[in-house]
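Listed below are the residues making up each chain.
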Amino acid sequence: DVLISQIAAGEVVDRPASVVKELLENALDAGATEITIRIDGGGIQRICIQDNGRGIPRDELTLAVTRHATSKIQSLDELEQVMSLGFRGEALASIASVSQFTLTSFPDGQGCAYSIHNLSGGWHIEPSANSPGTTVDVQSLYFSTPARRKFLKTEQTEFFNCLDVVKRMALANPAVSWLVYRDGKLHSRHQAMPWSTRVFSILDALADGQSKPIDVQAGDMRLHGAVGLPDSARGKGDMQFFYVNGRFVRDKLINHAVRSAYEDVLHGDKYPAFVLFLSLPASEVDVNVHPAKTEVRFRNARAVHQWVRQAIESVLAPSRA
Ligand code: ADP
Ligand code: MG
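Scoring rules and cut-offs
- Residues numbered from 1 in each chain as written.
- Chains lettered and ligands numbered in written order.
- Predicted model: local features only at pLDDT ≥ 70, side-chain atom pairs only at ≥ 80, totals over all residues.
- Heavy atoms only, no water.
- Pairing = 2+ DSSP bridges.
- Helix = DSSP H or I, 4+ residues; strand = E, 2+ residues; numbered from the N terminus.
- Axes fitted to C-alpha atoms, helices over the stretch in contact; angles between N-to-C directions.
- Contact = heavy atoms within 4.5 Å.

**Focus: the sheet that holds strand β6 (residues 133-139)**
Remark on secondary structure: sheet strands pair via backbone hydrogen bonds, oriented parallel or antiparallel. Taken together, eight strands build an open sheet; the order of strands is β5-β4-β3-β6-β2-β1-β7-β8 and the sheet is mixed. Single-partner strands in this sheet number two, and they are β5 (122-128) and β8 (185-190). The sheet shows a mean angle of 15° between the axes of neighbouring strands, taken without regard to direction. Both strand β2 (residues 46-51) and β6 contribute to a ladder of six bridges, which runs antiparallel. Within β6, the position partnered with Ile 49 by the bridge is Val 136. In the packing of helix α7 (residues 155-172) onto the sheet, the strands contacted are β1 (34-40), β7 (177-182) and β8, and the crossing angle to β7 comes to about 175°.

**Comments concerning the sheet that holds strand β11 (residues 240-244)**
One open sheet accounts for five strands, arranged β9-β10-β13-β11-β12; its pairing is mixed. Edge positions in the open sheet fall to β9 (211-218) and β12 (247-249), since each of these has one partner strand only. Strand-to-strand twist of the sheet, defined as the mean angle between neighbouring strand axes without regard to direction, takes the value 20°. Taken together, the eight bridges between β9 and strand β10 (residues 221-228) define a ladder with antiparallel strand orientation. Its bridge partner being in β10, Gln 217 is matched across the sheet by Arg 222. Of the strands in this sheet, β11, β12 and β13 (274-279) touch α7, which is tilted by about 60° from β11. Across the sheet, helix α9 (residues 252-263) lies against β10, β11 and β13, angled at about 125° from β13, the strand it touches most.

Interpretation note: all reported values are geometric properties and have no functional meaning in isolation.
Shown next, in the form of structure tokens:
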């Protein structure tokens, strides 16, 4: 089973940034409003994420680190309705199979915190210290799978990939406070703030009249956010953020729809910054395509493509749409 988990880990948590993503999704799913992220040695040495979410009772710790145990789905039917970020129940087990792993949690109504850690192939639970919420401490990532370790980039690159993940999540969750420590030093912080302030604080390319707000609704579809004006084009690939039902996606169909909307109004081939949130009923979109979950599949792809394109065009070039 450790082997199966290690194989799954290659899929789900192929690098430190994917570990960060899975742990942050869990913290958000647990309703956290304050999240502290510690990254040492590009995350290879250590990733430690602390949240003030609802926590995990002592009796459920073993289950939480067991493959395909998820508290988020009770039946296959529910898979259709998934709105929570995680639902596969393999992230913690996968991460634990390729690291020295400690999960500590202090839920409401329990006398003290308990931690569970992996030691020579078994799980050990003991009383521990923690403020209310959960801390996941992942050390020596991929120490048992050197082949995987070889694929990693420099500590610097891995750290900034982790930071990108935090940025994506911070943009979509402005009511949450985020603290990032790098090698023990405070690196960046995002206090809870209104959405537009959060967007401008992370993407100054959208501040100071360089963007237009967008909020278009049709039936049960809604697209809202901010689109950079054509002249504000900065062209860098890391300023485009698209979310489907709160989940960051990098999807061919969506990219194409956005690019098509910009095409006629754009000078040159550089694309401005944007942050866009598409919401639609969970039954209209399959987020289960790949464990890394940045691709999605729409039930009615053509309609979504056309609608997203038109919605953006109506803001960028009102006369044309
Ligand atoms: P999934 O998120 O797909 O359910 P995970 O392996 O990521 O699977 O997590 C397993 C379970 O552990 C979750 O369903 C949840 O019950 C619990 N869990 C994990 N992280 C946290 C956290 N930060 N706070 C509260 N519960 C958590
Ligand atoms: Mg999860």
